[in-house]
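Coordinate inspection notes
Below, each chain spelled out in residue letters.
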Amino acid sequence: MGASLLTIDLDALAANWQALDALSAPDVETAAVVKADGYGLDTGRVAQKLEGLGVTSFFVAVAEEGQIVRKALGNGPDIYVFSGHMAGDSDILTAANLIPLLNAPGQVTRHFSTLPGHAFGVQLDTGMNRLGLEPEDWEALRSDLMDAGPRLVMSHLACADDPDHTMNHQQLRVFKELTEGVARRSLAATGGILLGPEYHFDMTRPGIGLYGGLPFADALPVVQIEAPVIQTRTVRPFETVGYGNAWEAHVECEVATISAGYADGLIRAIGPKARVFAGDIPCPVIGRVSMDLITVDVTHLDAVPPTLHILGQHQTVDDLAEAAGTIGYEILTSLSSRYTRRYQGA
Ligand SMILES: *Cc1c(COP(=O)(O)O)cnc(C)c1O
């Protein structure tokens, strides 16, 4: 049993969806974003768990992901595609009955010419300048699009993780101006839900909060990682540990080598600041993170347990992200296929 164990708590995921759902009024639909393989946790299992709670709208980044969700869920729920209707997508959109969120005039033309009558939504740019129809394009195309009956008109906030950012109000104002009178609207992802009811419109689209990440500070942790200790040794003063001799002992130390590394998605940048846990006791990571191995100072432990915890109650994805100078989203979506995976609450 050499590989690290990744435990995914689907009951915690469900509780997080319910908690986010409870933050908006009962007549606001709470959807679920399951792109990037369900933020690395298995889009099929995640979507099935959420469908069991009554989720009827799912969002993915690209049509291929939508096909996987459709296979997992069957014909009931709506599956929206953020990248819209890209060249070559028509067959998948039809076969898997996906709803592209059209985001450029060329996509509108492509959709109406190749799949007339097929459901679609519209994505508007309200200032992020990443994806979505520019206001002028929307003005020009609005009456044709509205005649064809979009299932949803949505936009995305650039700074919703910072509640005090003036960009939030600005995008809200632009979105309201652009969509006055439109039937089904959506603006809020996890951060937007936390900004309050003005941002909720008809549907919210949480992603990261479901998976236990910030900005949803009340989220339950969904992932746990436990790495087996392969070997321990005594290291004497002035001996070094790992690649590049990056760490040197000043006193006699006990060093444990665990079976986890950057090939598991525990990126090298976590190195100097991250800790692992023996029960409740933190143990500093020392030296460089290798592809398959991490070295840990366990001098202060009475006994070295057979496994050490990397993610869980004591260290969240955001703690690890902070150690690495990144965000929880990147830690989650980097978790590799090498783990032994265990799903709880399936
Ligand atoms: C990823 C994404 C979401 C979900 O965002 P979270 O911050 O993970 O909640 C919602 N809408 C769009 C357009 C996205 O790209």
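Residues numbered from 1 in each chain as written. Predicted model: local features only at pLDDT ≥ 70, side-chain atom pairs only at ≥ 80, totals over all residues. Heavy atoms only, no water.

**Quick notes on the overall build of the chain**
Check the secondary structure of the chain and you find 11 helices and 19 strands. Dimensions along the principal axes, computed over C-alpha positions, put the chain at roughly 75 × 40 × 35 Å. In the chain, which comprises 346 residues, the share counted as buried stands at 51%. In the chain, the share of contacts with a sequence separation of at least 24, taken over all contacts with a separation of at least 6, comes to 62%. As presented, the chain carries roughly 15,300 Å² of accessible surface, and 51% of it is formed by carbon and sulfur atoms. Positive and negative side-chain charges in the chain, numbering 23 and 42 respectively, have mean positions lying 4 Å apart. (Helix = DSSP H or I, 4+ residues; strand = E, 2+ residues; numbered from the N terminus. Buried < 20%, exposed > 50% of the residue type's maximum accessible area, 1.4 Å probe, protein only. Contact = heavy atoms within 4.5 Å. Areas by Shrake-Rupley, 256 points an atom, 1.4 Å probe, with all protein chains shown as cover. Lys, Arg positive; Asp, Glu negative; His and termini not counted. Charge placed at Lys NZ, Arg CZ, Asp CG, Glu CD.)

**Examining the site of the ligand**
With respect to spatial proximity, 14 residues lie near the ligand, and among them Lys35, Tyr39, Thr190, Ile208 and Tyr329 are the closest. One nitrogen or oxygen atom from the side chain of arginine 130 is found 3.4 Å from an oxygen atom belonging to the ligand. Here an oxygen atom of the ligand and a side-chain polar atom of tyrosine 329 are 2.6 Å apart. The class makeup of the residues in the shell around the ligand is eight nonpolar, three polar and three charged. (Near = heavy atom within 4 Å. Polar contact = N/O pair within 3.5 Å; in protein donor to acceptor, adjacent residues only side chain to side chain. Nonpolar A, V, L, I, M, F, W, Y, C, P; charged D, E, K, R; others polar.)

**A few points about the packing of helix 1 (residues 10–21) against helix 3 (residues 43–52)**
Any two packed helices are characterised by the angle at which their axes cross and by the distance between the axes. Between helix 1 and helix 3, the shortest axis-to-axis distance is 10 Å and the interhelical angle comes to 55 degrees. It follows from the interaxial angle that helix 1 and helix 3 lie oblique. Note on packing geometry: the crossing formed by helix 1 with helix 3 is right-handed. Contacts between helix 1 and helix 3 involve Leu10, Asp11, Leu13, Ala14 and Trp17 from the first element and Arg45, Val46, Lys49 and Leu50 from the second. Residues that form the contact of helix 1 with helix 3 fall into these classes: six nonpolar, no polar and three charged. (Axes fitted to C-alpha atoms, helices over the stretch in contact; angles between N-to-C directions. Parallel < 35°, antiparallel > 145°, perpendicular 65-115°, else oblique. Left-handed = near helix turned anticlockwise from the far one by under 90°.)

**Some thoughts on helix 6 (residues 105–114)**
Since the α-helix turns once every 3.6 residues, residues separated by three or four places project in the same direction. Residues Gln107, Val108 and His111 constitute the buried set of helix 6. Taken down its axis, helix 6 places every buried residue within 105 degrees of arc, on the same side. Those residues of helix 6 that are exposed and angled more than 90 degrees off the buried face are Thr109 and Ser113. Summarising the contacts, the buried residues of helix 6 are in contact with strand 6 (99–102) and helix 7 (135–148). (Arc of directions from axis to C-beta.)

**What to know about the domain arrangement of the chain**
Along its sequence, the chain is organised into domain 1 (10–211) and domain 2 (223–344). Placing the centre of domain 1 and that of domain 2 at their C-alpha centroids yields a distance of 37 Å. Facing the 10 residues of domain 1 at the interface are nine residues of domain 2. Carbon and sulfur atoms supply 65% of the area that domain 1 and domain 2 bury against each other, a total of about 880 Å² over both sides. Of all residues in domain 1, Tyr39, Leu41 and Ile208 give up the largest surface area on contact with domain 2, accounting jointly for 49% of the area buried on that side. One can count zero salt bridges joining domain 1 with domain 2. There are three residue pairs in polar contact (both at pLDDT 80 or more) connecting domain 1 and domain 2. Those elements that place two or more of their residues in the side of domain 1 that touches domain 2 are helix 1 and helix 2 (35–39). Among the residues forming the side of domain 1 that touches domain 2, the class breakdown is six nonpolar, one polar and three charged. (Domains from an automatic or database assignment. Buried area = accessible area lost by both parts, 1.4 Å probe. Salt bridge = Lys/Arg side-chain N within 4 Å of Asp/Glu carboxyl O.)

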